[in-house]
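This is what each chain is made of:
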Amino acid sequence: YIPLLKEKQPQATVVLIQTKAYRVPNIKGSKDLGDFDEYTEKLTQGIKLYKEKLDEHLGHNKALIAPVGLAFSELHKTNQELWKKLYFLDNFHPSPYGSLLQAFVVFWTITGEAPPTYNMDWWNEAKSIFYSSKFPNEQDGQLLYDAAMKVCKSTSQE
């Protein structure tokens, strides 16, 4: 991507989304990545390396990291019940809970400020697509928002 960005989009800001570790170890060929905490640490180090390489080549226009994996990790440490809801039935893809958490983190990363607070109305359209999934209620939405803001505030200083 570096040559393309330098030639075609010299003013573009690259946003790297740090993915989350799988909920269950050893799925999808991930045995070598360890448990949730080990996998998260590897993802954190890996995304930093990508950023460093991009920054070397892109000059003044530094890449941003959306610390989605760290937000998932925050809930893994502080609210196991809510953390389990972040994943779809396959323990791999994000559920509507995980998607909302990611949206909060990406919004902060792009704008540098907190997103609007959680509102159930946001999900009216999405519910028709994921009709079999559970959606965050107001309380869980606020907890996701709080976790995203805590991680974004702590990593925005790096």
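Residues numbered from 1 in each chain as written. Predicted model: local features only at pLDDT ≥ 70, side-chain atom pairs only at ≥ 80, totals over all residues. Heavy atoms only, no water.

Attention now moves to the overall build of the protein chain. Scanning the protein chain from terminus to terminus reveals seven helices and two strands. For the protein chain, the succession of helices and strands along the chain, N to C, is α-β-α-β-α-α-α-α-α. Residue burial in the protein chain is summarised as follows: out of 158 residues, 41% are buried. Considering only residue pairs separated by 6 or more positions, the protein chain has 66% of its internal contacts joining residues 24 or more positions apart. (Helix = DSSP H or I, 4+ residues; strand = E, 2+ residues; numbered from the N terminus. Buried < 20%, exposed > 50% of the residue type's maximum accessible area, 1.4 Å probe, protein only. Contact = heavy atoms within 4.5 Å.)

There is a patch of nonpolar side chains on the surface, built from Val-15, Ile-17, Leu-64 and Ile-110 and spanning about 300 Å² of accessible area. Inspection of the secondary structure puts Leu-64 in strand 2 (residues 64-66). (Patch = residues over 30% accessible without salt bridge, like charges linked within 9 Å, V, L, I, M, F, W, Y side chains within 5 Å. Areas by Shrake-Rupley, 256 points an atom, 1.4 Å probe, with all protein chains shown as cover. Salt bridge = Lys/Arg side-chain N within 4 Å of Asp/Glu carboxyl O.)

This next bit is on the nonpolar core. The biggest cluster of nonpolar side chains holds 29 residues, and the ones touching the most others in it are Phe-72, Leu-75, Leu-86, Leu-101, Phe-104, Val-105 and Leu-144. Setting aside residues up to four positions removed in sequence, Phe-72 forms contacts with Lys-20, Phe-36, Trp-83, Leu-86, Tyr-87, Gly-98 and Leu-101. With seven residues, the next largest nonpolar core counts Leu-5, Val-14, Ile-47 and Leu-54 among its residues. (Core = buried A, V, L, I, M, F, W, Y, C linked by side-chain atoms within 4.5 Å.)

Moving on: the side chain of Thr-109. With respect to the helices and strands, the residue Thr-109 is situated in helix 5 (residues 96-111). Engagement of the side chain of Thr-109 in a polar contact is seen with the backbone oxygen of Val-105, the distance being 2.9 Å. Beyond its immediate stretch of four places on either side in the chain, Thr-109 contacts Val-15, Leu-64, Ile-65, Ala-66 and Pro-67. (Polar contact = N/O pair within 3.5 Å; in protein donor to acceptor, adjacent residues only side chain to side chain.)

With 89% of its residues at a pLDDT of 70 or more, the protein chain has an overall mean of 86. Per-element mean pLDDT across the protein chain ranges from 56 in helix 6 (residues 124-127) up to 97 in helix 3 (residues 68-78). (pLDDT = per-residue confidence, 0-100.)

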